[in-house]
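# Results of the structural survey
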Amino acid sequence: MPSSALSVTLVSKSTIFPDQTSNLGDLKLSVSDLPMLSCHYIQKGCLFTRPPISVDSLVSLLKQSLSKTLSFFPPLAGRLYTDQNGYIHITCNDGGVEFYHATCTSLFIRDVIGPLDVPQIVKKFFCFDKKVSYQGHFKPIMAVQVTELGDGVFIGCSVNHAVTDGTSFWNFFNTFAEICRKGNNNNNNQRIGKIARQPDFSRDSVLISSAILRVPEGGPKVTFNENEPLRERIFNFSREAILELKAEVNKKKEEILINGNFNAVEILGKQRNDKYHNDNGKNWLFKTTAPVSNMAEISSFQSLCALLWRAVTRARKLPSSKTTTFRMAVNCRHRLNPKLDPLYFGNAIQSIPTYASAGDVTSRDLRWCAEQLNKSVRAHNDETVRRFVKEWEKDPRCFPLGNFDGASMTMGSSPRFPMYDNDFGWGRPLAVRSGGANKFDGKISAFPGREGNGSVDLEVVLAPETMAGIESDLEFIHYVSSN
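Residues numbered from 1 in each chain as written. Predicted model: local features only at pLDDT ≥ 70, side-chain atom pairs only at ≥ 80, totals over all residues. Heavy atoms only, no water.

### A short note on the pattern of salt bridges
- Inspection of the entire model under this criterion finds 19 salt bridges.
- Put simply, Lys-13 and Glu-98 hold a salt bridge, and the shortest N to O gap is 4.0 Å. With Lys-13 in strand β1 (residues 9-16) and Glu-98 in strand β6 (residues 97-104), this residue pair connects regions lying 85 residues apart in the sequence.
- Taking the relative accessible area as the measure of exposure, Glu-98 reaches 13% and is therefore buried.
- One salt bridge connects Asp-165 with Arg-333, and the closest N-O pair in it is separated by 2.9 Å. Within this pair, whereas Asp-165 is found in the loop between β8 (152-159) and α3 (166-185), its partner Arg-333 is found in the loop between β12 (323-331) and β13 (349-357), the two being separated by 168 residues in sequence. (Salt bridge = Lys/Arg side-chain N within 4 Å of Asp/Glu carboxyl O. Helix = DSSP H or I, 4+ residues; strand = E, 2+ residues; numbered from the N terminus. Buried < 20%, exposed > 50% of the residue type's maximum accessible area, 1.4 Å probe, protein only.)

Okay, structure coming up:
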């Protein structure tokens, strides 16, 4: 039965409170939190095989474990409030989170992960659909939904984006799984005294500002069209494909040797018509190779982003003079001096734009595109983070998420997030999926591949005609692994 003909049925809804009273004070939203007030709640979750316990036992176990987990993450059980001066805070008032138990037993694991496009019904595995983060003033900051499938379960979390970024989200999710696993193996009535990764709730960095974000009556709205026609696919890149791609982008002196000798014929054959390597027709081969060995090392992820940037730009058939934008969300915790705690709770991200004309992106080589991204990331140091903060303070505003000119892409999430470490007691996830939140033409999310070892999955959301274009793009598809 096609997923479009299926429905998810709500079985029960309840409010879960922390099992211990919070003594954490109010937390002021930072200059990294406040721009997210116009974004949807984050919606991420994991697909599992069916556990070897009854559904009633599973729901009870998850509720108890969630209650214990919330005691270590008091902000998630709180609410937003705006004080008389206009500053927005999280009040850790133990207001609780919503818990939904739903069922769709005519849907099977193969129906979720088998189709080429992500089935629309996956969006029904999450609650708080299209809820804007500002509504955390009136609604819970988080909700959890467990959905029974015919042969599996999906555990999905919807969390206010003005309260968490990906790092904080997955720390919560990992802890939830850890506590559930311990409760599944032991007595779940025992109080948990310590967790592996205790979040840091400090609010004493440069991100905490005296600037006030003025919001319109009724709160900010999302800045993109929530109803535009889109396709969504998960493209898998194996470890071997990633290594091949990185090697291609980072071709160095030692990589153009064969049995210790220059493969001059191959090199000249590949680059004789490349104006960026031909030096006005002169033979560059026998010049010094020092510049080659001094080139910046391009990361695997930057190489992958460059590959997608080129493919999407080609598929969009933009005029060569059109400026394209590739945005990457970067973690600022280690970029600041002094550094933030790696487990700092909240948003500590900034969006780095890289600009290039469509003509340059499509006519120059993969290395060139990757270099532009690499330069942007390397330049984003403590000084740059602080400059971004000062610029925002001059003009406090919500983040304009979307593809406003038809030539933009936004990369979110990270293949470094420990998404497959979420063992609730009966095994690792089979897949990671997201809901309908914050999706528009050009929105990309990076996940680690389930097999690990450097494999990557890209969740790609594009206009239908653009998706069709990258599906037939030979350079891009060369590196895509078959599902």
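What follows continues from the structure just given.
### With respect to the pairing of strand β7 (residues 142-149)
- Of all the eight residues making up β7, eight are buried; the element is thus mostly covered by neighbouring parts of the structure.
- Burial along β7 is two-sided: the face carrying Met-142, Val-144, Val-146 and Glu-148 and the face carrying Ala-143, Gln-145, Thr-147 and Leu-149 are both buried.
- When β7 meets β8, the two strands line up antiparallel, connected through seven bridges. Considered in β8, the bridge of Met-142 is made with Val-159.
- Counting the residues in the hairpin turn of β7 and β8 gives two residues. (Pairing = 2+ DSSP bridges.)

### A few points about empty space enclosed by the protein
- A complete count under the given rule lists one cavity of 30 Å³ or more for this structure.
- The space that makes up the largest cavity amounts to roughly 40 Å³.
- Taken together, Lys-28, Leu-29, Leu-34, Gly-86, Tyr-87, Ile-88, Ala-211, Ile-212 and Leu-213 make up the full set of residues lining the largest cavity.
- Of the residues belonging to the lining of the largest cavity, the class tally is seven nonpolar, one polar and one charged. (1 Å grid on protein atoms, 1.4 Å probe; cavity = no way out; pocket = protein on both sides within 12 Å on 5 of 7 lines; lining within 4 Å. Points joined across faces, edges and corners; volume = space filled by probe spheres on them. Nonpolar A, V, L, I, M, F, W, Y, C, P; charged D, E, K, R; others polar.)

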